[in-house]
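Summary of structural features
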Amino acid sequence: MLGSLLLVLVSPAVGSFLALLADRLPRGEDVVFTRSACRSCKRPLSARDLIPLVSFSLSAGHCRSCGAPIPPWLLDMEILAIGCAVVAIILSQTTTEAWLSAIFLWVLLTLVASDLLSFRLPDPLTGTLLVTALTLAWLTPHVTLAGALLGAAIGAGTFWLLRWGYYRLRGREGLGMGDVKLMAGLGAALGPYELPLMLLLASVTALAVALAGRARSPHALRPTRPLPFGAALAAASAVLWVSLRLSG
């Protein structure tokens, strides 16, 4: 109980850090030593400005110095991080499994945010996802370690072949290497047998979003327009991963 309570209590702070990762890693900025600052006026943020959940409300969603609006997705990340922790606790039998499951869901959340914001899936995030998925396979019975390794190989290998084939046919990249690396972690988490269903869910989701965008703008489905397919893959995997554990 204490471990679960601690997991929930630290989740808002974790969510704040995840937002920082999603914002800075695609830009190649330091995430450890550089102080947080307003993007508009560059004023370093004080401790008062960095209290999870509370600071956003106290400042009414605006910088206290220049009045520039604070992106609301920063608050969303803190709230969603709490949700990930609660889901992890519900799905887990032990405190260790709960923490590992929360880390897995937190990394997926950060990958979704990063891809939606900048069309990037940074290596530190995809690498952490793979390591966490393999650790879960090693310590929990849901996916065997052999199944996780096979799923990682099939997921990454399939997307690498798709990437290579598209480039050979069209002369331009259709999938980034970030998607290939992401599939290694997703394959390790789900195992080889769930990958087809996950890809179907992700494809339907991405198509629905693209069609919704097409309804708003005639340019939304241009062949050269980038789509955050990595976000769809990560979101579909999270839904399937949670569903499998609830049903198991």
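Please read all numbers here as calculations on a predicted model, not as lab measurements. (Residues numbered from 1 in each chain as written. Predicted model: local features only at pLDDT ≥ 70, side-chain atom pairs only at ≥ 80, totals over all residues. Heavy atoms only, no water.)

Take the nonpolar core next. Residues Phe104, Met198 and Trp241 are the most contacted members of the largest nonpolar core, which totals 57 residues. Elements with a minimum of two residues in this core: helix 1 (2-24), helix 3 (73-91), helix 4 (95-118), helix 5 (123-139), helix 6 (145-170), helix 7 (177-190), helix 8 (195-216) and helix 9 (229-247). Looking at this core element by element, the count peaks at 12 residues for helix 4. Those residues in contact with Trp241, other than ones at most four positions away along the chain, are Leu91, Ser101, Phe104, Leu105, Leu136, Ala189 and Leu190. (Core = buried A, V, L, I, M, F, W, Y, C linked by side-chain atoms within 4.5 Å. Buried < 20%, exposed > 50% of the residue type's maximum accessible area, 1.4 Å probe, protein only. Helix = DSSP H or I, 4+ residues; strand = E, 2+ residues; numbered from the N terminus. Contact = heavy atoms within 4.5 Å.)

This paragraph deals with the side chain of Thr126. Summarising the element assignment, Thr126 is placed in helix 5. Here Asp123 takes part through its backbone oxygen, which lies 3.2 Å from a polar atom of the side chain of Thr126. (Polar contact = N/O pair within 3.5 Å; in protein donor to acceptor, adjacent residues only side chain to side chain.)

Structurally, Cys66 is set in the loop between helix 2 (54-58) and helix 3. With a relative accessible area of 40%, Cys66 lands in the partly exposed category. Contact partners of Cys66, with chain neighbours within four places excluded, come to Cys38, Ser40 and Cys41.

Taking 1.5 Å of rise per residue, 19 residues should cover 27 Å, and helix 9 covers 27 Å from first to last C-alpha, within 8% of that figure. For helix 9, the set of buried residues is Gly230, Ala231, Ala232, Leu233, Ala234, Ala236, Ser237, Ala238, Leu240, Trp241, Val242 and Arg245. (Expected span 1.5 Å × (residues − 1).)

Phi at Lys42 is positive, roughly 70°, even though this residue is not glycine. One can find Lys42 in the loop between helix 1 and helix 2. Given a relative accessible area of 56%, Lys42 falls into the exposed group. In this model, Phe119 sits at a positive phi of 55°, which is unusual for a non-glycine residue. Within the element layout of this structure, Phe119 appears in the loop between helix 4 and helix 5.

Should pLDDT be low for a region, the predicted coordinates there are not to be read in detail. In the predicted model, the protein carries a mean pLDDT of 90, and 95% of its residues have values of at least 70. Ranking the elements of the protein by mean pLDDT puts helix 8 last, at 83, and helix 5 first, at 97. (pLDDT = per-residue confidence, 0-100.)

With that settled, consider the pattern of salt bridges. Taken as a whole and judged by the stated rule, the model has six salt bridges. When the shortest N-O distance is used, the salt bridge between Asp23 and Arg39 registers 2.6 Å. With Asp23 in helix 1 and Arg39 in the loop between helix 1 and helix 2, this residue pair connects regions lying 16 residues apart in the sequence. In this structure, Asp49 and Arg64 form a salt bridge, with 2.7 Å as the shortest nitrogen-oxygen distance. (Salt bridge = Lys/Arg side-chain N within 4 Å of Asp/Glu carboxyl O.)

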